[in-house]
Amino acid sequence: TVKASTSGGTRENARGDAAPPSHSKQLIDRLAALVDIPPPGVPAGDDQVIAEELNHALQAITARRARRKHVYTFASGPQGGEYYPIVDAVVGQVARLKTPVKVRNLETEGSLENVRLIATKQADYALVQSNVAAMAYAGEGAFTQGGAVTSVRALGSLFPEPLHIIVSAKSDIRTLADLRGKRVALGPPGSGTRADALTVLAAHGLGVKDFAEVLEDGLDDAAARLRGGRLDAIFATVGVPAREVQRLATRHPIRLLPLDVSLIAGLVTQHTGLVRLLIPANTYPGQ
């Protein structure tokens, strides 16, 4: 038998001999040494890097240990979004099959993060926008710096997701050009919304620097800001009718901005996975 020692992190065997710590314990001790620095402590930039890498490692370890028990990780999206309940439904269906296989729903920021989780084997399955998957496979756009993710595979297609650009109905904003100098929510950094927003804005000659304020809020938080007059526009790639947009429209009259018709053909041609979509009238209250 083996029992834990009370000093130095070592262990004792039945004869009382000191046993070396496990390999994993040694690595944890080395990691602890990186952050166990007397004041002033770890520089803020280094602390962020260490925290991000530790989070990635923790996710990967959790996924691999779960896999050994036939539990597979399905990356979805924010709990308030459309992806999370879809994966919850998949989890429920698998549970009803009464097999040793189980699925767990991993909350994420969205498509961009989900592809990276697949690439680093922190997730087994994921919901990803088709244009983001194509972008990842080609190593373009948001994946230019990190390189192509050629390990990703598509298992099926579910539904189209229009990019909603939402403003208050009483606003004088009528086109994307009118957003210059405004406060906009482009979506979390790991979301497909963020990737779509930057792509569409670039086609219209706009970038992050052209706005008075850029927020990384998800749709729920952004909607609250719009209602409170603390935000001018929301970008959201989501299937229609989106529950969050419906709720917003019932509380606060909204308008959906159209894209410049002359630019749509170029967007669709230049970016794999993008298609022209129309949100029918009356999809949302007052629209």
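Numbers given for residues are sequential positions, taken from 1 along each chain in its written order. Local features are withheld for residues below a pLDDT of 70 in this predicted model, meaning they are given only at 70 or higher, and side-chain atom pairs are given and counted only at 80 or more; totals for whole chains, interfaces and linings count all residues. Side-chain metrics rest on all non-hydrogen atoms present in the structure, leaving aside hydrogens and water.

Draft legend 1. Representation of the overall build of the protein. Helix numbers and strand numbers start at the N terminus; a helix is a DSSP run of H or I with at least 4 residues, a strand a run of E with at least 2. In terms of helices and strands, the protein carries nine helices and 11 strands. The cut-offs for exposure are 20% and 50% of the maximum accessible area for each residue type, with area from a 1.4 Å probe on protein chains only; residues under the lower value are buried, those over the upper are exposed, and the others partly exposed. The 287 residues of the protein split such that 34% are buried. Taking all contacts inside the protein whose residues are at least 6 apart in sequence as the whole, residues at least 24 apart take part in 68%. Only carbon and sulfur atoms are counted for the fraction: they give 55% of the accessible area of the protein, which is about 16800 Å². Whether two residues are in contact is decided by their heavy atoms, any of which lying within 4.5 Å being enough. Accessible surface is estimated by sampling points in the Shrake-Rupley manner with a 1.4 Å probe; for residues, cover comes only from the protein chains shown.

Draft legend 2. Seen up close, the pairing of strand β4 (residues 71-75). Within β4, four of the five residues are buried, which leaves the element mostly enclosed by the surrounding structure. Relative to strand β5 (residues 102-106), β4 runs parallel, the two sharing five bridges. Bridging across to β5, Val71 finds its partner in Lys102. When the strands point away from the viewer, a crossover counts as right-handed if the path from the first strand over the helix to the second runs clockwise. Between the parallel elements β4 and β5, the chain passes through helix α3 (residues 83-96) in a crossover that is right-handed. By this definition, two strands are paired if DSSP reports at least two bridges between them.

Draft legend 3. Structural view of the pattern of salt bridges. The salt bridge criterion pairs a side-chain nitrogen of Lys or Arg with a carboxyl oxygen of Asp or Glu, the two atoms within 4 Å. Under the counting rule described, the total for this entry stands at five salt bridges. Among the ionic pairs, Arg183 bridges to Asp232, the shortest N-O distance being 3.1 Å. Placement of Arg183 in strand β8 (residues 183-185) and of Asp232 in the loop between α7 (219-227) and β10 (233-237) is noted, with a sequence separation of 49 residues between them. In this structure Arg183 comes out as partly exposed when scored by relative accessible area, which is 25%. The shortest N-O distance in the salt bridge between Lys209 and Asp210 comes to 3.6 Å.

Draft legend 4. Examining helix α8 (residues 243-251) more closely. All of the buried residues along α8 are Glu244, Val245, Leu248 and Ala249. Across the axial projection of α8, the buried residues extend over an arc of 130 degrees, all falling on one side. Relative to its buried face, α8 has exposed residues pointing more than 90 degrees away, namely Thr250 and Arg251. For α8, the secondary structure elements touched by its buried residues are β7 (163-168), α7, β10 and β11 (254-256). In this context, the arc is that of the directions from the helix axis out to the C-beta atoms.

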